[in-house]
Amino acid sequence: MQVYLYGANVTSWKNDHGEELLFVSSKAVFKPPKAIRGGIPICFPQVGGLGNFEQHGFARTRVWTIDQNPPPLQESNSYRAFVDLILRPSEGDFKFWPHSYEFRLRVALTPGGDIILISRIRNTNRDGKPFTFTYAFHTEVRVEGLETMDYLDNLKGKERFTEQADALTFESEVDKTYVSTPNKIAIIDHEKKRTYVVWKEGMPDAVVWNPWDKKAKAIADFGDDEYKHMLCVEPAAIEDPIPLKPGEEWTGRMHLSAVPSSYCSGQLDPKRVLYGTNCCIYLIAVWQRVSTVSSIT
Ligand code: TA6
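Cut-offs and rules
Residues numbered from 1 in each chain as written. Predicted model: local features only at pLDDT ≥ 70, side-chain atom pairs only at ≥ 80, totals over all residues. Heavy atoms only, no water. UniProt positions renumbered as here; feature names shortened; annotations may be inferred. Buried < 20%, exposed > 50% of the residue type's maximum accessible area, 1.4 Å probe, protein only. Helix = DSSP H or I, 4+ residues; strand = E, 2+ residues; numbered from the N terminus. Pairing = 2+ DSSP bridges. Polar contact = N/O pair within 3.5 Å; in protein donor to acceptor, adjacent residues only side chain to side chain. Contact = heavy atoms within 4.5 Å. Phe/Tyr/Trp six-rings, centres within 6.5 Å; stacked < 30°, edge-to-face > 60°. Lys NZ or Arg CZ within 6 Å of the ring centre and 35° of its normal.

In the annotation of an unreviewed UniProt entry, the chain is listed under the name glucose-6-phosphate 1-epimerase and assigned to Dendrobium chrysotoxum. The UniProt entry for the chain carries the following comment under Sequence similarities (unreviewed entry): "Belongs to the glucose-6-phosphate 1-epimerase family."

What follows is the structure, encoded as structure tokens:
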């Protein structure tokens, strides 16, 4: 596992066979002002491009520091390895977002090789002001019954639709925010016979994104054909921004596991599968090399 202080981005996660499980673009730039294209970027304090500051917020384009003395976490898991990182606003950030906060992130590897990301965001405003934010790992929700799930189509002005198809096929650009989703999502890579399972807590929504061919060409730090090898599935809190009063803290948790697909057979309902022809996932975001997104009930 590799974690950059720049953006607190997990840019590499390998299984016991040394196979890379996360997508990072060959054109990714690992320094400001651009966020690293791939890995697990963190979107905070906003998901999207509203307001007077940068798209998907600034957490993904700031240099984090190692948190030497984090408050204890209520975790029963033992880890193979972990690191605690912290982000506080710099003077310059106040002109974009006039709030004080402490954003603590634990990135951990379990003995079985899973990744756990725990975000803790605390309002440290001294003037008594509350704030709200939206959040995403560019990935815990259980996606049940995708055929009836509501989503906001970001390609159609965030209009609300209900998923009609039994399966979602990737044949063109997809940029959807599924709202109020369950806490467990599976993404199946048929080619590699591998299933990624994402558990999320504190993030009710999930974004599914693939730029497809035309947009891929228009994104400077994205290879022309890389859309065939990635899918961005992002556990997120978007529809209802999270309110925090001074002194209050929000916790979001994501657990990501990659298992041989046979482990999941029998649990997967074929009617609730998102099929991908060539690609693709991003827990807002995790970028993974996959070919199918599916749900487990
Ligand atoms: O999460 C999906 C999305 O917001 C898309 O709309 C798409 O533009 C993508 O993220 C990438 O955004 P970025 O700012 O990293 O270029």
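A. Region of the structure containing the pairing of strand β13 (residues 194–201). The element β13 is largely enclosed, with a buried count of six among its eight residues. Here β13 pairs with strand β16 (residues 249–260) via eight bridges, running antiparallel. Counted as the bridge partner of Tyr 196 is Ala 258 from β16.

B. Molecular detail of the environment of Pro 204. Structurally, Pro 204 can be placed in the loop between β13 and β14 (205–210). Put simply, Pro 204 and Glu 239 are 35 residues apart on the chain and 8.6 Å apart in space, counted from C-alpha to C-alpha.

C. Local environment of the side chain of Asn 125. Here Asn 125 is to be found in the loop between β7 (115–123) and β8 (131–137). Note on Asn 125: relative accessible area 9%, which makes it buried. Of the polar contacts made by the side chain of Asn 125, one reaches the backbone nitrogen of Ser 100; its length is 2.7 Å. A polar contact is formed between the side chain of Asn 125 and the backbone oxygen of Lys 129, at a distance of 2.9 Å. Setting aside chain neighbours within four positions, we find Asn 125 in contact with Pro 98, His 99, Ser 100, Phe 131 and Pro 246.

D. Highlighting the UniProt feature "active site" (unreviewed entry) in the chain. UniProt tags His 138 and Glu 234 as "active site" (unreviewed entry). Among the secondary structure elements, Glu 234 is positioned in strand β15 (residues 231–244).

E. Quick look at the pairing of strand β5 (residues 81–87). In terms of strand pairing, strand β4 (residues 65–66) meets β5 through two bridges, oriented antiparallel. In the strand pairing of β5, Thr 65 is matched with Ile 86.

F. Broad picture of the UniProt feature "binding site: substrate" (unreviewed entry) in the chain. Here, UniProt's "binding site: substrate" (unreviewed entry) annotation points to Arg 37, Gln 55 and Arg 60. In terms of the greatest pairwise C-alpha distance, the residues named above, spread along 24 residues, form a tight cluster of at most 13.5 Å across. In this structure, Arg 37 sits in the loop between β2 (9–12) and β3 (42–43). Arg 37 sits in the buried class, given a relative accessible area of 14%. As for its position among the elements, Arg 60 is in the loop between β3 and β4. Residue class for Arg 60 comes out buried when judged on its relative accessible area of 15%.

G. Quick peek at the packing of aromatic side chains. Applying the stated criterion to the full structure yields 20 aromatic pairs. Both rings, one in Phe 58 and one in Tyr 101, keep their centres 6.3 Å apart while their planes meet at 20 degrees; by these two values the pair is stacked. Highlighted residues: Phe 58 in the loop between β3 and β4 and Tyr 101 in strand β6 (residues 101–109), separated in sequence by 43 residues. For the pair shown, Phe 58 and Tyr 101 are each scored as buried. Here the aromatic residues Phe 44, Phe 58, Trp 64, Trp 97, Tyr 101, Phe 103, Phe 131, Phe 133, Tyr 135 and Trp 250 are joined through ring pairs into a cluster of three or more. Taking the ring centre of Tyr 151 as reference, the NZ or CZ of Lys 176 above it sits at 4.2 Å.

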